[in-house]
There are 2 protein chains.
Amino acid sequence: MKYSNQLRLLVAVDCIIFGFDGEQYKLLLIQRGFAPEKEKWSLMGGFVRAEETLDMAAERVLNQLTGLKDVYLEQLQAFSEPDRDPIERVIAVAYVALIDIKKYQQQIDDSFHAQWFTMNELPQLIFDHREMVTTALNNLRYKAALHPILFELLPEKFTLPQLQTLYEGLYDIKMDKRNFTRKLLSTNLLKKEKEKDKSSSKKGAFYYSLDETVYKNNFENFLNFVSKNDLNVLNE
Amino acid sequence: MKYSNQLRLLVAVDCIIFGFDGEQYKLLLIQRGFAPEKEKWSLMGGFVRAEETLDMAAERVLNQLTGLKDVYLEQLQAFSEPDRDPIERVIAVAYVALIDIKKYQQQIDDSFHAQWFTMNELPQLIFDHREMVTTALNNLRYKAALHPILFELLPEKFTLPQLQTLYEGLYDIKMDKRNFTRKLLSTNLLKKEKEKDKSSSKKGAFYYSLDETVYKNNFENFLNFVSKNDLNVLNE
DNA sequence: AAAAATAAATGTATTTTTTACACTAAATAC
DNA sequence: GTATTTAGTGTAAAAAATACATTTATTTTT
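Residues numbered from 1 in each chain as written. Chains lettered and ligands numbered in written order. Predicted model: local features only at pLDDT ≥ 70, side-chain atom pairs only at ≥ 80, totals over all residues. Heavy atoms only, no water.

On to the protein's contact with DNA strand C, then. Inspection of the region around DNA strand C gives 22 residues, with Arg178 of chain A together with Arg178, Arg182, Ser201 and Lys203 of chain B positioned closest. For DNA strand C, the fraction of atoms within 4 Å of the protein that belong to sugar or phosphate moieties is 41%. Within the side chain of Arg178 of chain A, one N or O atom sits 3.3 Å away from a base nitrogen of DNA strand C. Interatomic distance of 3.2 Å between a side-chain N/O atom of Lys177 of chain B and a base nitrogen of DNA strand C. Of all the elements in the fold, those that place two or more residues in the surface near DNA strand C are α5 (177-186) of chain A together with α5 (177-186) and β10 (205-210) of chain B. Here the residues of the surface near DNA strand C sort into three nonpolar, six polar and 13 charged. (Near = heavy atom within 4 Å. Polar contact = N/O pair within 3.5 Å; in protein donor to acceptor, adjacent residues only side chain to side chain. Helix = DSSP H or I, 4+ residues; strand = E, 2+ residues; numbered from the N terminus. Nonpolar A, V, L, I, M, F, W, Y, C, P; charged D, E, K, R; others polar.)

What follows deals with the protein's contact with DNA strand D. Around DNA strand D sit 21 residues, and of these Arg182, Ser201 and Lys203 of chain A together with Arg178 and Lys203 of chain B come closest. One of the side-chain nitrogen or oxygen atoms of Arg182 of chain A is found 2.7 Å away from a base oxygen of DNA strand D. Arg178 of chain B is positioned such that a nitrogen or oxygen atom in its side chain is 3.2 Å from a base nitrogen of DNA strand D. Elements that contribute at least two residues to the surface near DNA strand D include exactly α5 and β10 (205-210) of chain A together with α5 of chain B.

The next point concerns the sheet that holds β10 of chain A. Residues and elements named next belong to chain A. Strands sit in the order β8-β10-β9 across an open sheet of three strands; the sheet is antiparallel. Sheet topology places β8 (158-159) and β9 (190-197) at the edges, where each strand pairs with a single neighbour. Sheet topology note: the β9/β10 ladder contains five bridges and is antiparallel. When the sheet's bridge partners are listed, Lys196 is paired in β10 with Phe206. (Pairing = 2+ DSSP bridges.)

This brings us to the relation of the copies chain A and chain B. The two chain copies are related to each other by a rotation about an axis together with a translation along it. Rotating chain A by 180 degrees about the axis while translating it 0.0 Å along that axis superimposes it on chain B, leaving an RMSD of 0.0 Å. The operation mapping one copy onto its partner corresponds to a two-fold rotation axis. When you check the interface residues of chain A against chain B, 100% turn up at the interface there too, and the contact is symmetric in its surfaces. (Least-squares fit on C-alpha atoms with pLDDT ≥ 70 in both. Contact = heavy atoms within 4.5 Å.)

Quick look at the UniProt feature "domain: Nudix hydrolase" (unreviewed entry) in chain A now. Those residues carrying the UniProt feature "domain: Nudix hydrolase" (unreviewed entry) are residues 8-140 of chain A in this numbering. Annotated as 27% helix and 38% strand, the span residues 8-140 of chain A places its first and last C-alpha atoms 32 Å apart. (UniProt positions renumbered as here; feature names shortened; annotations may be inferred.)

Let's shift gears to the nonpolar core. Residues Leu163 of chain A together with Leu163 of chain B are the most contacted members of the largest nonpolar core, which totals 110 residues. In terms of nonpolar packing, the next biggest core, distinct from the first, is built from 54 residues, Tyr104 of chain A together with Leu62, Ala78 and Ile108 of chain B among them. (Core = buried A, V, L, I, M, F, W, Y, C linked by side-chain atoms within 4.5 Å. Buried < 20%, exposed > 50% of the residue type's maximum accessible area, 1.4 Å probe, protein only.)

Here it is as structure tokens:
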């Protein structure tokens, strides 16, 4: 038994993969291996298969094209312009992944044709992928202001200056070091480690790590990581 | 030219339609007119057609099944469990609509088989529609805490007590009248009218209306309509 | 016409949060 | 041992959020 006389469509997932290398935000792209737009830069995408959900499809595609596994991955939204793909109509459900670039650098370089691009040096993208990236970035800015989501972009141990760079980079603002530290520490999300990171200063900055329990319990809370003042910049 | 050897699927939109009648939140449902689950209660749904986007499909479905037009309508997310519809696999993209029940009461009663249900007296719904409603409600609570979205549920002229009932109803909390009024007025979203609504008290409450300019310019701002204290209730 | 009843409207003091702002501390390089 | 570099820290002022009770406008009742 089937629904008769109804249109059936291709459904794809496209992954917007944001990474942070300690200094900058980057986007992971691949050169598309098949027509149309062969060799052009593209998000990681693939068609949904019969036995998998969209979430599963996104995980699979991400893994097949980059080797990535168990990373933060979340549905963004569906894109559905009938002619977004010139070959045939495809409904695309976009997913956003956040990863620590250094953790996977080797693997991505070695085995796949994916490449990291700085956010302000993106090449031309196929189809409506540029729009997807813009939507994803706005969404990330929104979420990161309320939830401690940016930790997904950092290694397990990180320093307060790194954390601040992460926030400042996303909103392209400067924050006061003392106020930033106070706000972050007041969440109780951070555990101070005994060692220091000496790679970027003589004095060295203490490492911190996430308190996973607090993280899981408080993720959905509205935490106001970024002040309203700073956010208003986004609306100008 | 087509993508060969790829699975094609039915894609549907389902509309979660929230309404407010001045006292309570309600959900608009219809009795499904065809198998499977004929006669069971369902969200407004329909398959996407060849020439329309998902947004257009949602508008069309909403209009066909209820006569509603030009209402607040926004994509929620895609639901994709392979067996969510027992007949055949269907990818469903859920949309949320917000309307003022009284404005459309007549029309919905007269021409369609749709019916409003109080949120805590929902009948059994088909497929995964119950999950969609829960997701949509959580999403509405989230958004309404940050953006002046609940005005979509009110008539053009409304009173401060009505507005407070609207917020209190969504979060199932009591708010202080003086603090609530001060917060809402401080947004500059409200224009005081000269007339009073005398339907619910002897003294009567002044009508207010939305300042559309401020509304449009500030919608994306984070306005903190509901305090963090009150929101934490949701996470317990 | 006065009194009672009902819901709307309003202000202030206290606490909490956010902001603005500059010097000292630790380690290394020379 | 002096200079250099970045990390780390405190306090006062302003703004926002909270807790809390009486007066006002109008209608209904007597």
